[in-house]
Amino acid sequence: QVQLVESGGGLVQPGGSLRLSCAASKSIFSTYTMGWYRQGPGKQRELVASITSSGITNYVDFVKGRFTISRDNAKNTVNLQMNSLKPEDTAVYYCNAQFSVLGTSYTFWGQGTQVTVSS
């Protein structure tokens, strides 16, 4: 089992910045595709950004140019730098890890960290 722990959430004013971090418990972290998802009030959980084991990144349109995902395989961490935050970015943000072995896929989730954007 992989344990994921998020940190860095909090309250920020519109236009401000936050940096989220996710720490994974396993040394095979470097083989995982990592992602950040979020779930706003009354909404479905949605993908925000992802990064493959080879460093290929993907962003949904509503965060392009504002958010940056990165990973440090030596430290088993993935980060999400969030700039120019908007009130609609308010949500619980979840770290996600995915990998497959011998034809079986595995998905793991962190407990989430609250991000609130408000004046």
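These numbers come from a predicted model, not from an experiment.

S.K.: Quick question: what am I supposed to make of the packing of aromatic side chains here?
M.R.: All told, the structure shown has four aromatic pairs when counted by the stated rule. Each ring, one from Phe99 and one from Phe108, has its centre 6.2 Å from the other, and the planes form 15 degrees; the classification is stacked. Assigned by exposure class, Phe99 and Phe108 land together as buried. An aromatic cluster is built from Tyr32, Phe99, Tyr106 and Phe108, whose rings are joined through pairwise contacts.

S.K.: Explain the sheet that holds strand 7 (residues 67-72) here, please?
M.R.: Two orientations exist for strands paired in a sheet by backbone hydrogen bonds: parallel and antiparallel. Taken in spatial order, the four strands of this open sheet run 1-3-8-7, and their pairing is antiparallel. Sheet topology places strand 1 (4-7) and strand 7 at the edges, where each strand pairs with a single neighbour. Recorded for the sheet is a direction-independent mean angle of 15 degrees between the axes of neighbouring strands.

S.K.: Please explain the environment of Gly55 as it appears in this structure.
M.R.: Note on placement: Gly55 falls in the loop between strand 5 (46-51) and strand 6 (57-59). Distance from Gly55 to Arg71, taken between C-alpha atoms, is 7.8 Å for residues 16 residues apart in sequence.

S.K.: Would you mind showing me how to read the side chain of Glu6 here?
M.R.: Within the secondary structure layout, Glu6 lies in strand 1. Buried charge Glu6 goes without a salt bridge, the closest partner of opposite sign being Arg45 at 7.5 Å. At 2.8 Å, the side chain of Glu6 forms a polar contact with the backbone nitrogen of Cys95. A polar contact is formed between the side chain of Glu6 and the backbone nitrogen of Gly112, at a distance of 2.9 Å. Setting aside chain neighbours within four positions, we find Glu6 in contact with Ser21, Cys22, Trp36, Tyr93, Tyr94, Cys95, Gly110, Gln111, Gly112 and Thr113.

S.K.: Help me understand the environment of Leu80 in this model?
M.R.: Counting through the fold element by element, Leu80 comes out in strand 8 (residues 77-82). Taking the relative accessible area as the measure of exposure, Leu80 reaches 0% and is therefore buried. Spatially, the C-alpha atom of Leu80 lies 15 Å from that of Val12, the residues being 68 residues apart in sequence. Those residues in contact with Leu80, other than ones at most four positions away along the chain, are Leu18, Arg19, Leu20, Trp36, Val48, Ala49, Phe67, Thr68, Ile69 and Tyr93.

About the thresholds
- Residues numbered from 1 in each chain as written.
- Predicted model: local features only at pLDDT ≥ 70, side-chain atom pairs only at ≥ 80, totals over all residues.
- Heavy atoms only, no water.
- Phe/Tyr/Trp six-rings, centres within 6.5 Å; stacked < 30°, edge-to-face > 60°.
- Buried < 20%, exposed > 50% of the residue type's maximum accessible area, 1.4 Å probe, protein only.
- Pairing = 2+ DSSP bridges.
- Helix = DSSP H or I, 4+ residues; strand = E, 2+ residues; numbered from the N terminus.
- Axes fitted to C-alpha atoms, helices over the stretch in contact; angles between N-to-C directions.
- Lys, Arg positive; Asp, Glu negative; His and termini not counted.
- Salt bridge = Lys/Arg side-chain N within 4 Å of Asp/Glu carboxyl O.
- Polar contact = N/O pair within 3.5 Å; in protein donor to acceptor, adjacent residues only side chain to side chain.
- Contact = heavy atoms within 4.5 Å.

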